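Descriptive analysis of the structure
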Amino acid sequence: TLSIGHCHALAKTFEFFDNNIARIILDTCGIDDAEFASILQGVLKVDSISTIIYRRNIFQEQSLHQLSLILDKKIPNHLEVLAIENCFTEAHVIRGLMDAANKRYQIKKLSLIKAKINTSIMNKQICQHVLNSSFLTHLDLSHNQLLLSDLDKLLQILTQDQSLQYLNVSMNQLHSGKDGR
């Protein structure tokens, strides 16, 4: 696990990377929200980072704020790949994340695995992103307990979308009724 001191040190080292680092992967590091926010403050100073993969840690409001600033960067210094996977989070945080992503529509690969996506987030923020983004090629919404009815609007959009090449909705409750059929 990374301590708060490690996270602050990592954030500080990003000042020296300038444009030499493109990807950050933090998987099962025992990082809490404040620690991830601290790391993201450092990431914000680096223009070359195009990928953030964050798995099995905590993702809440503080890190959402910092990540929103990163998502607001303009091309060519923008984030292309974002994965928030199997993190402790809440639906309103994911709603805020999608609101931030929907300001610029620059993400190419978006993975929100086990991210507490509900019907409202699916029908508003996710569908809005797919509809308005010409960059998005990969979307992974697996393990979110989505129902078939939650995917109706998305499926309608996909009949018109030409950019999305990969969609993963596995391990959701994709049945039409309460009895599983």
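That block above? That's the structure.
So, here's what we can say about the structure. Keep in mind that what you see is a predicted model, and the values were worked out from it rather than measured. (Residues numbered from 1 in each chain as written. Predicted model: local features only at pLDDT ≥ 70, side-chain atom pairs only at ≥ 80, totals over all residues. Heavy atoms only, no water.)

**Observations regarding the sheet that holds strand β6 (residues 166-168)**
Adjacent strands of a sheet form backbone hydrogen bonds with each other and so pair up, either parallel or antiparallel. Judged by pairing direction, the sheet is parallel, and its six strands sit side by side in the order β1-β2-β3-β4-β5-β6 without closing on themselves. A single partner strand is all that each edge strand has here, and the edge strands are β1 (23-27) and β6. On average, adjacent strands in this sheet sit at an angle of 5 degrees to one another, irrespective of strand direction. As paired elements, strand β4 (residues 109-113) and strand β5 (residues 138-140) share three bridges and run parallel to each other. Within β5, the position partnered with K109 by the bridge is H138. (Pairing = 2+ DSSP bridges. Helix = DSSP H or I, 4+ residues; strand = E, 2+ residues; numbered from the N terminus. Axes fitted to C-alpha atoms, helices over the stretch in contact; angles between N-to-C directions.)

**With respect to the nonpolar core**
Formed by 49 residues in total, the largest nonpolar core has its most connected members in F59, L67 and L112. For this core, the element with the highest residue contribution is helix α4 (residues 91-101), accounting for six residues. For F59, the residues in contact, after removing those within four places along its chain, are D33, F36, Y54, L64, L67, I84, C87, F88, T89, V93, I94 and L97. (Core = buried A, V, L, I, M, F, W, Y, C linked by side-chain atoms within 4.5 Å. Buried < 20%, exposed > 50% of the residue type's maximum accessible area, 1.4 Å probe, protein only. Contact = heavy atoms within 4.5 Å.)

**Some words on the packing of α4 against helix α5 (residues 119-132)**
The geometry of α4 relative to α5 is characterised by a closest axis approach of 9 Å and an angle of 20 degrees between their N-to-C directions. For the element pair α4 / α5, the angle class is roughly parallel. The way α4 lies across α5 gives a crossing that is left-handed. In contact with A91, I94, R95, M98, D99 and A101 of α4, α5 contributes S120, I121, Q125, I126 and H129. Partitioning the contact of α4 with α5 into residue classes produces six nonpolar, three polar and two charged. (Parallel < 35°, antiparallel > 145°, perpendicular 65-115°, else oblique. Left-handed = near helix turned anticlockwise from the far one by under 90°. Nonpolar A, V, L, I, M, F, W, Y, C, P; charged D, E, K, R; others polar.)

**A closer look at the layout of surface pockets**
Taken as a whole, the largest pocket spans an internal volume of roughly 160 Å³. V81, A83, E85, K109 and S111 are the residues nearest the centre of the largest pocket, which is lined by 13 residues in total. For the lining of the largest pocket, the secondary structure elements donating two or more residues are β2 (51-55), β3 (81-85), β4 and β5. At four residues, the largest contribution of residues to the lining of the largest pocket is made by β3. Its residues placed into classes, the lining of the largest pocket shows seven nonpolar, two polar and four charged. (1 Å grid on protein atoms, 1.4 Å probe; cavity = no way out; pocket = protein on both sides within 12 Å on 5 of 7 lines; lining within 4 Å. Points joined across faces, edges and corners; volume = space filled by probe spheres on them.)

**A word on unusual backbone geometry**
The omega torsion across I75 and P76 is 15 degrees, close enough to zero to call that bond cis. With phi around 60 degrees, Q145 is a residue other than glycine that occupies positive phi space.

**As for helix α2 (residues 33-43)**
One turn of an α-helix holds 3.6 residues; hence residues three or four places apart share an orientation. For α2, the buried fraction is high: nine of the 11 residues fall into the buried class. As for α2, its buried residues are in contact with α1 (4-17), β1, β2 and α3 (61-71).

**Section: the pairing of β1**
Only one face of β1 is covered, namely the face carrying I24 and L26; the face carrying R23, I25 and D27 is uncovered. Looking at chain direction, β1 and β2 are connected through five bridges and run parallel. Within β2, the position partnered with I25 by the bridge is I53. In this region the chain leaves β1, passes through α2 and returns to the parallel neighbour β2; the handedness of that crossover is right-handed. (Right-handed = clockwise from strand over helix to strand, strands pointing away.)

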